[in-house]
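# Close look at the chain arrangement
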Amino acid sequence: MPIHIIDRRLNPGGKSLENRQRFLRRAKSLVQGAVKKTSQERDIKDVLEGGEVTIPLDGMHEPRFRREGGTRDMVLPGNKKFVEGDYLQRSGQGSAKDSGPGEGDSEDAFRFVLSRDEFVDLFLDDLELPDLAKRKIAQTESEGIQRAGYTMSGSPANISVSRTVKLALARRIALKRPRKDEIEELEAAIAACTDEDERTELLAELERLKAKSKRIPFIDPLDIRYRRFETVPKPVAQAVMFCLMDVSGSMSEHMKDLAKRFYMLLYVFLKRRYKHVEIVFIRHTDRAEEVDEQTFFYGPASGGTLVSSALQAMHEIVRERFNPSDWNIYAAQASDGDNSYSDGELTGLLLTEKILPVCQFFAYLEVGEAGGSAFDLSDSSLWTLYERLRNSGAPLSMRKVSERSEIFPVFHDLFQRRETAQEKTAP
Amino acid sequence: MTERLFEGADWDFHTLQRITDACEEVALKDLGLDVYPNQIEVITAEQMLDAYSSVGMPLFYKHWSFGKHFAFHEASYRKGLMGLAYEIVINSSPCISYLMEENTATMQTLVIAHAAFGHNHFFKNNYLFKQWTDADGILDYLDFAKNYVMQCEDRYGRIEVERTLDAAHALMSHGIDRYPGKKKLDLRAEEKRAGRRRQHEEEVFNDLWRTVPKGVAKSRSTLSIERRRKLLGLPQENLLYFLEKSAPRLAPWQRELLRIVRHIAQYFYPQSQTKVMNEGTATYVHYRIMTKLHEQGRITDGNFLEFLGSHTNVVFQPEFDDPRFSGFNPYALGFAVMQDIERIVTRPEDEDREWFPDIAGKNDVMGVLRDVWANYRDESFIGQFLSPKLMRHFRMFHLHDDPEERAGIRVDAIHDERGFRRVRRELARQHDVGFIDANIEVVDVDLAGDRRLILHHHVIKGSQLNETDAKRVLQHLADLWTYDVALIEVDANDKVLREYVVSPRPIPAAVA
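The name an unreviewed UniProt entry gives chain B is SpoVR family protein, with Bradyrhizobium diversitatis as the organism.

So, in structure tokens, the structure goes:
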């Protein structure tokens, strides 16, 4: 009997991927809730690594007719001291509940592991940059090629063989070009023919057919078709996001942590959603500097506070590299609200004159001490200033955050999909 | 001395070939097994998880619930809560066995002996599998099912298909024919039978019967009820079959989906009835083959010890007060009974001669076992072959838990002369699907009135349906039936214990 041994290890994996997607789609709202809950408890970086989530099984329950209760009989192994007629005390209160293992509804919650991609997708679902793609369309790397039917002329590489052969065949049939087997048949008939008259007749016929097949070519240049391609412009919106963070001495570790979490979210969100978004990191004390993301998130720094320095730096960068007529410009600023008293005016001026006119959207996040509810505190100098600006119509969004758990809701609030980002009022 | 099959733990495909050949030799010559052609496939852990989530089958239609199972298995596997099975074997011809690539050479030998010969023989010879499953056709059928579901999704929408499949899955455990249906006779056979009946009547004719008074004639209304039930084939315990044939407003493709789910449920029906025997057979066969290979010197002492280690784990039976206890281990029970049969056949004691007069001392171990494997299922197997010696060995006892009983749970019988038969009967009953599944059947349809479908649940030993689940399942049932559905729970005296009535949910979009 022949035995087949087959190596299936090389078969493409992920056979159940589609089932999994179906499952996630079905459980979407549940999983999304779980993802948000998980993300409040954990470090952002860990969160975005994906991982285990727990969802209530209720919505995903597959019901069956199950029986429960009643008198039960069971045979068990391992009797040590019982004799017939003994009574065992029931353990605890539930007589029906402590039934045999595997019975009952023991799995009321369902834990499973999400991959990084699935997790981030769900995490960032329904977030979007406000008013993206409003301005100019960039020219480079924005042309796609698309099939567009057939053409009579073109380069040999683009010959469509099937179309050409089809046309040639149609033409040959239409013009009644003699087929090869017809000629062969006739030749055989001539060879077999004995009658002289008939033979000449047949020869003439053969001559005619041969001439005809010469006149009508197998493939005519007329038949040849080329695949046609068209270039289509693909609009690519150019956007740049400025991240401004205060790292001065007045920012406690907790505040910095909040700010960094916020930017981490922003960073992941932008990186993932938009191919064509540039990100500029600016951190400032009393001086501002443009840094790379590594330094931005992890580098130590300390000093006084001059918010205007950061705005000035942003303004310079915009002037040098990002022409406002070509770029969508966004900015997000995080600070504890402290600013050197004398700097207020300059900050306001820079913002209204230089920054806000070129910005599509400017988000301000004020971070506070843990425990201190953001609402009790008297407004900080920066908050007062910005609030005044916003009331006079500047495209400015503002939120206060003092707990880790508030980061995501606030972030979500700032960037959720909506028509106009500016309309919502700050809390 | 024969050549070693392998050294150490490593294997390659030539090793597998040699192992399979060696196992086959022992299986066919020494044990006299009769198997389907084998197909052995080596897979990775991920593929094994894939197979888990689609009930072990290599191809299956798509449904979210399989994704859920996959996610669940994967999570517990990653956490190390769950080991993966060493193998999965499919009742098909050729019989496909999946081997995990992580297994050592010894484990592969064990698995090949276990699955490719043990299970394989059982699938091919057991009467339940012969009666209910079509090993040649199952893979083609699954392929058809997969494509059909896919086409339906394209044509009628994923959500519609999902709704139907959800409902069908909920009723899957009640989509099984428990008894082979009666075959329709053709005319010639009918004529023959009528002839035989006439002949019989002539032979036993006695004019006295005419004088026996007849019972009360049935009223017209009873007759019409009976006629209606007969037309609908009621009572019917196969709910899916009933819906497929009689639900008034299902689209043809929905009926076909119900049919697919029903066929698959039916395909797995024998497996649920023969768990102990199936695993017992496979374990017994692998034990015999491995021992033989070791005797022949084809496996080293070290490898054999490795095998014994895994074998012992497989047939480990924790006692009832052990935290690891979770019911009888089918491997342990099945293997123990089969080894015990071997003992009874070759070295019977007086007790065995008394209990098993038919097989005690018969000396043809494989003959007896092959007969057992072919003609029994778990319930009858335990009921017939669990010996007093084995009951003493497992120290079995029977508990009777009546919630009404204040004193507690009664020890009804133990492993002694008075108790052997009762313990054995109870254990057999625990393995009888007739007692495990709820006994639910369609009894009537109010065709003239509101078309309400009426089901009965015959409650055994006061064990009623879980209310939340029952309501959900009935909701699915009502959605398919598209009129009200009533489920009445009745006890043995026809006393109504509880009554559910569920109305169908409105269908959001018109079904094409």
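Next comes the rest of the write-up.
## Details of the pairing of strand 11 (residues 288-291) of chain A
All names here are of chain A. Pairing between strand 10 (residues 277-284) and strand 11: 4 bridges, direction antiparallel. Paired with Phe281 across the bridge in strand 11 is Val291. Counting the residues between successive antiparallel strands, the hairpin from strand 10 to strand 11 contains 3 residues.

## Remarks on the environment of Cys152 of chain B
Inspection of the secondary structure puts Cys152 of chain B in helix 6 (residues 138-156). Distance from Cys152 of chain B to Glu162 of chain B, taken between C-alpha atoms, is 10 Å for residues 10 residues apart in sequence.

## Re the UniProt feature "domain: SpoVR-like C-terminal" (unreviewed entry) in chain B
With numbering aligned to this structure, UniProt lists the feature "domain: SpoVR-like C-terminal" (unreviewed entry) at residues 439-492 of chain B. Spanning residues 439-492 of chain B, this segment combines 28% helix with 39% strand, and its end C-alpha atoms are found 12 Å apart.

## With respect to the environment of Pro58 of chain B
Residue and element names in this part refer to chain B. Along the chain, the position of Pro58 falls in the loop between helix 2 (45-53) and helix 3 (64-78). Separated by 425 residues in the primary sequence, Pro58 and Tyr483 place their C-alpha atoms 38 Å from one another. For Pro58, the contacting residues outside a window of four places in its chain are Ile90 and Ile96.

## Points about the sheet that holds strand 12 (residues 328-335) of chain A
Residue and element names in this part refer to chain A. Across the sheet, which stays open at both edges, the 6 strands sit in the order 11-10-9-12-13-14 with mixed pairing between neighbours. This sheet does not close on itself; its edge strands, each paired only once, are strand 11 and strand 14 (396-401). Across the sheet, the mean angle from the axis of one strand to that of its neighbour is 20°, orientation sign disregarded. Note that strand 9 (residues 239-246) and strand 12 share 7 bridges and pair parallel.

## So, the confidence of the model for chain B
Confidence in the prediction of chain B, expressed as mean pLDDT, is 86, and 96% of residues score 70 or more. Reported confidences for the modelled complex are a pTM of 0.70 and an ipTM of 0.78.

## Notes on the interface of chain B and chain A
The interface of chain B with chain A comprises 77 residues on the first partner and 56 residues on the second. In terms of residue count, the dominant contributor to the side of chain B that touches chain A is helix 3 of chain B (11 residues). Tallied by class, residues from the side of chain B that touches chain A come to 32 nonpolar, 26 polar and 19 charged. Strand direction decides the pairing type here: strand 1 (residues 4-7) of chain A and strand 1 (residues 38-43) of chain B, joined by 4 bridges, are parallel. Paired with Asp7 of chain A across the bridge in strand 1 of chain B is Val42 of chain B.

## Re the packing of helix 6 (residues 180-192) of chain A against helix 7 (residues 196-215) of chain A
All names here are of chain A. Relative orientation of the contacting elements helix 6 and helix 7 amounts to 160°, with a least axis distance of 10 Å. Judged on the interaxial angle alone, helix 7 and helix 6 are roughly antiparallel. Between helix 6 and helix 7 lies a crossing whose hand is left-handed. Here Glu182, Ile183, Leu186, Glu187, Ala189 and Ile190 of helix 6 lie close against helix 7, whose contacting residues are Arg199, Leu202, Leu203, Glu205, Leu206, Leu209 and Lys210. Considering only residue class, the contact of helix 6 with helix 7 consists of 8 nonpolar, no polar and 5 charged.

## A closer look at unusual backbone geometry
Residues other than glycine predominantly adopt negative phi, and peptide bonds predominantly adopt the trans conformation. All names here are of chain B. In this chain, Ser93 is followed by Pro94 through a cis amide linkage whose omega measures 0°. Looking at the secondary structure, you find Pro94 in the loop between strand 2 (87-90) and strand 3 (95-100). The phi dihedral of Asn363 is positive, around 70°, even though this residue is not glycine. You can see Asn363 is positioned in the loop between helix 15 (350-355) and helix 16 (365-375). Not every positive phi belongs to a glycine, and Arg451 is a case in point at roughly 60°. Within the secondary structure, Arg451 is located in the loop between strand 6 (439-445) and strand 7 (453-458).

About the thresholds
- Residues numbered from 1 in each chain as written.
- Chains lettered and ligands numbered in written order.
- Predicted model: local features only at pLDDT ≥ 70, side-chain atom pairs only at ≥ 80, totals over all residues.
- Pairing = 2+ DSSP bridges.
- Helix = DSSP H or I, 4+ residues; strand = E, 2+ residues; numbered from the N terminus.
- UniProt positions renumbered as here; feature names shortened; annotations may be inferred.
- Contact = placed C-beta atoms within 7 Å.
- Axes fitted to C-alpha atoms, helices over the stretch in contact; angles between N-to-C directions.
- pLDDT = per-residue confidence, 0-100.
- Nonpolar A, V, L, I, M, F, W, Y, C, P; charged D, E, K, R; others polar.
- Parallel < 35°, antiparallel > 145°, perpendicular 65-115°, else oblique.
- Left-handed = near helix turned anticlockwise from the far one by under 90°.

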